[in-house]
Amino acid sequence: MLETVLLTVFGMVVLVLIINVPFWARKHSLYNRRDRFECKLCGNCCRFRVTPLTGEDVRRLEEAGLGDGVDRDRMSTGRVNGRCVFLVDDRCTAYEHRPQVCRDFPFFTLYGLGYAERAPFCPALEELEDG
Ligand code: SF4
Ligand code: SF4
């Protein structure tokens, strides 16, 4: 009985790996080409994704007098009509003090492995994928 359970779990893990490895390889390959990424300044990443904040982001924004745009309950920037509160006329009004995630997007690391976030709304990432 125990052997059957262990074999089933092992099989599921292998299946998950088989499905996900090509997906991750693609994201890692994009990360390795990040020096060719040219942001189009479209502001879509400020509209179509929540902007999580670290404690350091909160401190920096508050010290810059931008605390009203911080949602401390959700540890994210505030949202107006679905977009980040700091996005005005397609420009970031907190640019000098913007959160770390905005500086890094769409390239991140997880356990030391670099990857590009899946972001179909990002034209620059699409261009990188096509290139
Ligand atoms: S802080 Fe600025 S860069 Fe970051 S999501 Fe908001 S508007 Fe965009
Ligand atoms: S969605 Fe992509 S291209 Fe547009 S501003 Fe964000 S990072 Fe730049």
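Placed above this text is the structure.
Definitions and cut-offs
Residues numbered from 1 in each chain as written. Chains lettered and ligands numbered in written order. Predicted model: local features only at pLDDT ≥ 70, side-chain atom pairs only at ≥ 80, totals over all residues. Helix = DSSP H or I, 4+ residues; strand = E, 2+ residues; numbered from the N terminus. Rg over C-alpha atoms; globule rule 2.2 N^0.38 Å. Buried ≥ 20, exposed ≤ 12 C-beta atoms within 10 Å, placed from the backbone. Contact = placed C-beta atoms within 7 Å. Near = placed C-beta within 6 Å. Nonpolar A, V, L, I, M, F, W, Y, C, P; charged D, E, K, R; others polar. Pairing = 2+ DSSP bridges.

Caption draft 1: Quick look at the overall build of the protein. Secondary structure assignment for the protein yields five helices and eight strands. For the protein, the sequential pattern of α-helices and β-strands runs α-α-α-β-β-β-β-β-β-α-β-β-α. Taken over C-alpha atoms, the radius of gyration comes to 19 Å for the protein, far larger than the 14 Å a tight globule of 131 residues would show. Taken along the three principal axes of its C-alpha coordinates, the protein extends 60 × 40 × 25 Å. When burial is assessed residue by residue, the protein has 17% of its 131 residues classed as buried. The long-range share in the protein, meaning contacts at least 24 apart out of those at least 6 apart in sequence, stands at 60%.

Caption draft 2: Here's a closer look at the site of ligand 2. Near ligand 2 the following residues occur: Cys39, Lys40, Leu41, Cys42, Gly43, Asn44, Cys45, Phe105, Phe121, Cys122, Pro123 and Ala124. For the shell around ligand 2, the secondary-structure elements that each account for two or more residues are helix H2 (44-47) and helix H5 (123-130). Within the shell around ligand 2, the residues separate by chemical class into nine nonpolar, two polar and one charged.

Caption draft 3: Layout of unusual backbone geometry. Geometrically, the link from Phe105 to Pro106 is a cis peptide bond, its omega value of 5° lying close to zero. Relative to the assigned elements, Pro106 resides in the loop between helix H4 (100-104) and strand S7 (107-110). Despite not being glycine, Asp90 shows a phi value in the positive range, around 65°. Topologically, Asp90 is positioned in the loop between strand S5 (87-88) and strand S6 (91-92).

Caption draft 4: Representation of the site of ligand 1. All residues adjacent to ligand 1 are Cys46, Thr51, Thr77, Cys84, Phe86, Leu87, Cys92, Ala94, Arg98, Pro99 and Cys102. Here the residues of the shell around ligand 1 sort into eight nonpolar, two polar and one charged.

Caption draft 5: Structural context of the pairing of strand S8 (residues 113-116). As paired strands, S7 and S8 are joined by four bridges and run antiparallel to one another. Bridge pairing in S8 links Thr109 to Gly114. Hairpin connection, S7 to S8: the antiparallel pair is bridged by two residues, and Tyr111 has positive phi, about 50°.

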